[in-house]
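Letter by letter, the chains look like this.
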Amino acid sequence: MTKKVSLSELNQLPEADFVKLLGGIFEHSPWVAEGAVSARPYKSVAELHAAMVKQIEGAGEQAQLKLIRAHPELAGKAAVRGELTEESTSEQAGAGLDQCSPQEYARLTELNEAYNKKFGFPFILAVKGYDRAGIIQQFERRLQLSVEDEKRESLQQIYKIGGFRLNDLVTTA
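All right, on to helix α8 (residues 102-119) then. In a regular helix each residue adds 1.5 Å, so 18 residues correspond to 26 Å; α8 covers 25 Å between its end C-alpha atoms and thus fits that length. Where the residues of α8 are buried, they touch α9 (132-142) and α10 (147-169). Among the residues trailing α8, G120 stands out with phi positive, at a value near 80°.

Structure below.
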């Protein structure tokens, strides 16, 4: 994980360094940080997060879908192959997804396939505070949603993940 940075340091960084540091807050989408850099200085991490969310909200459906699709499946093939970002690896491990039983892994694989088939993008959940059983419950619940409702839910989960990542990276001291 990148070392922590204070909000005042972040506010004073050259634009390219700001984008480099925050480019991974929203999975493989540095354009979010690029859009938020000009609104500095930020008075709080919450204000920075809100500015980044505003970039996504205003980006349009195609950019939003691209952001959703940039996320890995939970306990999916990329995780097994070790191809996740450092942040995603840590988040999935924190929820115990790196310790799935063969039955849990098979169920998650089945759910990932059904979800991708229905929605055309990966299931996204801010896994902090969830265990494997809770994640499977959320998967099953959300498979019942409409495509539009699930798109909105996915974005809300992405915003939560971004908030967790920002709070892990930026201090207010």
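Back to the text.
We now examine the nonpolar core. Within the largest apolar cluster, 45 residues are counted, with the highest numbers of intra-cluster contacts made by F18, L22, F26 and M52. The set of elements that each furnish at least two residues to this core consists of α1 (7-12), α2 (15-22), α3 (30-36), α4 (45-57), α5 (61-69), α8, α9 and α10. Ignoring anything within four residues of it in the chain, the contact list for M52 reads L22, I25, F26, V32, A33, A36 and L166.

As a further point, take the packing of α5 against α10. Between α5 and α10, whose axes approach to 10 Å, the crossing angle comes to 65°. For the element pair α5 and α10, the recorded crossing hand is left-handed. Where α5 abuts α10, its residues E61, Q64, L65, L67 and I68 lie against E148, K151, S154, L155 and I158.

Moving on to the packing of aromatic side chains. Taken as a whole, this structure holds 6 aromatic pairs when the rule is applied. Centre to centre, the rings of Y115 and F139 are 6.0 Å apart; their planes meet at 80°, and the pair counts as edge-to-face. With Y115 in helix α8 and F139 in helix α9, the pair connects residues that are 24 residues apart, well separated along the chain. The same class applies to Y115 as to F139, namely buried. Each residue in the set Y115, F119, F121, F123 and F139 is aromatic and connected to the rest through ring pairs, giving one cluster.

Mapped onto the secondary structure, E47 falls in helix α4. We classify E47 as partly exposed; its relative accessible area is 31%. Here the side chain of E47 touches K43 through a polar contact of 2.8 Å, landing on its backbone nitrogen.

Moving on: the confidence of the model for the chain. In this model, the chain carries an average pLDDT of 89, and 88% of its residues clear a pLDDT of 70 or more. Ranking the helices and strands of the chain by mean pLDDT puts α4 first, with 98, and helix α6 (residues 77-80) last, with 52.

The next point concerns the side chain of Q157. Relative to the elements of secondary structure, Q157 occurs in helix α10. The class of Q157 is buried, set by a relative accessible area of 5%. A distance of 2.8 Å separates a polar side-chain atom of Q157 from the backbone nitrogen of A126. Residue contacts for Q157: discarding those within four places in its chain leaves I124, L125, A126 and R142.

So, how was this worked out
Residues numbered from 1 in each chain as written. Predicted model: local features only at pLDDT ≥ 70, side-chain atom pairs only at ≥ 80, totals over all residues. Heavy atoms only, no water. Helix = DSSP H or I, 4+ residues; strand = E, 2+ residues; numbered from the N terminus. Expected span 1.5 Å × (residues − 1). Contact = heavy atoms within 4.5 Å. Core = buried A, V, L, I, M, F, W, Y, C linked by side-chain atoms within 4.5 Å. Buried < 20%, exposed > 50% of the residue type's maximum accessible area, 1.4 Å probe, protein only. Axes fitted to C-alpha atoms, helices over the stretch in contact; angles between N-to-C directions. Left-handed = near helix turned anticlockwise from the far one by under 90°. Phe/Tyr/Trp six-rings, centres within 6.5 Å; stacked < 30°, edge-to-face > 60°. Polar contact = N/O pair within 3.5 Å; in protein donor to acceptor, adjacent residues only side chain to side chain. pLDDT = per-residue confidence, 0-100.

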